[in-house]
Amino acid sequence: MKTKLFTLLLAVAASVGTMFAQGTKIGNLYYNLNSTNKTAEVTYKSYANYRYNEGWNITTANIPASVTYEGTTYSVTSIGASAFRDCSSLTSVTIPNSVTSIGASAFRDCSSLTSVTIPNSVTSIGYEAFISCSSLTKVNITDIAAWCNIAFTSSYSNPLFYAKHLFVNDVEVTDLVIPNSVTSIGNSAFYNCSSLTSVTIPNSITNIGDEAFSWCSSLTSVTIPNSVTSIGGGAFSGCSSLTSINIPNSVTSIGGEAFYNCSSLTSVTIGNSVTSIGDYAFADCSSLTSVTIGNSITSIGNYAFYECGSLTSVTIPNSVTSIGLYAFQKCGLTSAIIGNSVTSIGTGAFRDCSSLTSITIPESVTSIGQGATFQECTALESVHWNAKNCTMEVLGNGSYYPPFHNLSNITNFSFGENVETIPYYLCDGLSGLKSIIIPSKMKRFGYNYAFNGCSNLTSVTLNSNSVLNDYDFAYETYGSYSLRDVFGSNVKEYIIGNGVTSIGDYAFVKCYNLTSITIPNSVTSIGYKSFCYCTNLDTLSLGKNISQYGDQAFAGCSKISTIYNYRERPAKLGSEIFKDVDYFNCTLYVLAGSVDMYKSSGSDWKDFFFIEPIGAESVTTDELIVTPHDNTADIVWPAVSDANTYEIEIAKDGEVFCKLVFNAQGQLLSIAYAPSRANVAQQAQEAGFSFTVTGLTSGTTYGYTVTAANSASQVLDTKQGTFTTTGGINTAVDNASVESTLTKVLRNGQLFILREGKTYTVQGQEVR
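Note that the structure is predicted; figures quoted are calculated from it, not measured. (Residues numbered from 1 in each chain as written. Predicted model: local features only at pLDDT ≥ 70, side-chain atom pairs only at ≥ 80, totals over all residues. Heavy atoms only, no water.)

Caption draft 1: How the structure looks around the nonpolar core. Formed by 186 residues in total, the largest nonpolar core has its most connected members in Phe107, Phe487 and Phe554. The element best represented in this core is helix H2 (residues 144-148), accounting for 4 residues. Setting aside anything within four residues of it in sequence, one finds Phe554 in contact with Ile526, Phe531, Leu537, Leu540, Leu542, Tyr549, Ile560, Ile577, Phe578, Lys579 and Val581. Among the nonpolar cores identified, the runner-up in size contains 24 residues, and Ala633, Ile650, Phe657 and Tyr702 belong to it. (Core = buried A, V, L, I, M, F, W, Y, C linked by side-chain atoms within 4.5 Å. Buried < 20%, exposed > 50% of the residue type's maximum accessible area, 1.4 Å probe, protein only. Helix = DSSP H or I, 4+ residues; strand = E, 2+ residues; numbered from the N terminus. Contact = heavy atoms within 4.5 Å.)

Here it is in structure tokens:
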């Protein structure tokens, strides 16, 4: 017990000895005396009434190198925290070479202090040591090397924050030459030193600290040697006279705000060893016109080039994987090339780039920020979206604010061939978008509002088999869900690509503005109600390989008047497939050799009253040949070199009965009957062209003229002649005796008689 008590007493005595004479007044200053190592720290009298030192109203403070108290001499090694705080009358202070540290807030609010000399011995200055020393105009030192090595806790620690003028042995520094003995320039070392015009950094320097030259507003040039490996945050921020900077290959990192607000900086070259550009690194460099980003950079920080209004182009190399938030906001970019390794583009990255006209999003991008990544890019006209699988960030409240929201100038929005998914609301509000092409590898977009508000979108090309069979189309919870809900109700044209093999249930249901559809030869099946209630669908072209038709596929399409079916043998039809289609007022065109098969009693297509040939499949001729029939005539004419159009006129009694115009490939461009008749599609032939003119009268003589013209409408060849249709007027139908058993129908300007399931002309010639 006695041993333990004795040890405790020794410990207490040692503690008391170390803290002996706390706040001891010697002269007009107070000190904390350490009896163990015989050192003294300048301190304040008391905290009461916020008067830290009895000398708070003194004008001059001469701190001695040592003090003697009760026969013991103490070396003054530090100025403690808040030692001279609120000494508002203090105008000058002398700090001896024995002092190695100045504490936090040591001279805070010394509003009358005009100058200070910092000795070489000082190695650290605490947080806000000289804050609010608003009258400081001069900082005097004796050695640049020692000054560079001081550890400033913050910019307010440095008396240059207010003084702005640095003197070495009372000579002001304008052209700073840092000696070779220095290996690192400390944080805030020359902060706000507005008198500096140039800086020479030796090859011995490896690091330029945070805010080292921040707000040196007169600094016009600085050369960074190859020895430097890092440039700290804010190192040259606010250097408004700096015009150019070359960052050597030795530099591996550039801190945030490194060159922030260097408003005269016109060009920047970033070496090939830098791996990242920090947040705000070049923000507000309003004169920056050129930036070269090295191939080693992997990330561009938030606001990195914010408000670089003169920066017109940027190439982001393939090494970069991420572009930070608002990285290029308010830049003057007209061109931006994003490298193929970028995986994320932050919210607002290109916002307010009002001169940017086009952008390509690479395949590598997997996430894109919303918050209008491209908002106010009012000149943006073209977007090429290559991102294979990309998601969009969701705001905290679960809402979306898409990257291209309401950019009405975008008229061209295209997708790369490897795109599989697109983010929600991607093209939201693109009122200038008129057409879109969906690539073949797109897996699905579902009901994701991708094209919400694209009010002028009228044409959609669908090359993906997957999206036309998306299972979301297969239900009717609130009415029918279809492509109409994805692309809007204004689409008039859907182009189905050759890679599509099937059309799923409900795919085009209620696409009210759809007037025609061509289903390519690659399609083999059409699903249940796939085109149901397309109430304005007029013309339907069916590929030759469709073998399966779902029930009610075209039900409710009451305006269908023309169907082209290129399948040789009639396919089986689902139930009510053409429900509401008028079989008498709709003409079914099939291959010339297939007409009888489609008319046969075993065909599901037999209910169409008019089944007519599309044309011969192959024709070889050097002469014009006309083969008349009862009510039709086959015209075959040769190809003419350099012909751009072929025009055929059929005349009766000197008046034109029919005029047809074909292109250079023999495809029908227009057909005009007297009266008008619907267009009939043609196929290109091998060496000649063929067309079957219908609606003729049996036993009647017609004249014909075939004219070939070039692109300048100059006639290259003309052939004329006459032909007479075969047969004659059959025994006329006795209308009086059969009035109750027949129906008269006017179709395409011609009168037909329907009797006992058969159709006749008024001359009695059977049509069906």
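Next, the rest of the story.
Caption draft 2: The pattern of salt bridges, seen in detail. Enumeration over the complete set of coordinates arrives at 9 salt bridges. For Lys443, the salt bridge identified is with Glu420, shortest N-O distance 3.2 Å. Of the two residues, Lys443 is situated in the loop between strand E36 (435-438) and strand E37 (459-462) and Glu420 in the loop between strand E35 (412-415) and E36; the sequence distance between them amounts to 23 residues. Classification of Lys443 by relative accessible area gives partly exposed; the value is 48%. Connected through shared salt-bridge partners, Arg108, Asp109 and Glu128 make up one network. (Salt bridge = Lys/Arg side-chain N within 4 Å of Asp/Glu carboxyl O.)

Caption draft 3: Spotlight on the pairing of strand E53 (residues 701-709). For E53, the tally of buried residues reaches 7 of 9 residues, placing the bulk of the element in the interior. Pairing of E53 with strand E54 (residues 715-724) involves 9 bridges; the strand directions are antiparallel. Bridging across to E54, Thr701 finds its partner in Thr724. What sits between E53 and E54 in their antiparallel hairpin is a turn of 5 residues, with Ser713 showing a positive phi close to 65°. (Pairing = 2+ DSSP bridges.)

Caption draft 4: Examining the sheet that holds strand E21 (residues 244-247) more closely. Taking strand neighbours across the sheet as the criterion, the 3 strands line up as E21-E23-E25 in an open arrangement whose pairing is parallel. This sheet does not close on itself; its edge strands, each paired only once, are E21 and strand E25 (290-292). Between one strand axis and the next, the sheet turns through 5° on average, direction left out of account. Here E21 runs beside strand E23 (residues 267-270); their pairing, made up of 4 bridges, is parallel. Its bridge partner lying in E23, Ser244 is registered against Ser267. (Axes fitted to C-alpha atoms, helices over the stretch in contact; angles between N-to-C directions.)

Caption draft 5: Just empty space enclosed by the protein, in detail. The tally for this structure, following the rule as stated, stands at 2 cavities of 30 Å³ or more. Estimates place the volume of the second largest cavity at around 40 Å³. Lining the second largest cavity we find Trp637, Pro638, Val640, Tyr646, Val706, Thr707, Ala708, Asp717 and Lys719. For the lining of the second largest cavity, the secondary-structure elements that each account for two or more residues are strand E48 (633-638), E53 and E54. In terms of residue count, E53 provides more of the lining of the second largest cavity than any other element does, 3 residues in total. (1 Å grid on protein atoms, 1.4 Å probe; cavity = no way out; pocket = protein on both sides within 12 Å on 5 of 7 lines; lining within 4 Å. Points joined across faces, edges and corners; volume = space filled by probe spheres on them.)

Caption draft 6: Region of interest: the environment of Ser287. The residue Ser287 is located in the loop between strand E24 (276-277) and E25 in this model. Separated by 23 residues in sequence, Ser287 and Ser264 place their C-alpha atoms 5.4 Å apart. Those residues within four positions of Ser287 in sequence are excluded, and the remaining contacts are Ser263, Ser264, Leu265, Thr266 and Ser310.

Caption draft 7: Structural detail: unusual backbone geometry. Positive phi values are uncommon outside glycine, yet Tyr425 reaches one of about 55°. Note that Tyr425 resides in the loop between E35 and E36. Although it is not a glycine, Lys510 sits at a positive phi angle of roughly 60°. Tracing the backbone through its elements, the reader meets Lys510 in the loop between strand E39 (502-503) and strand E40 (516-519).

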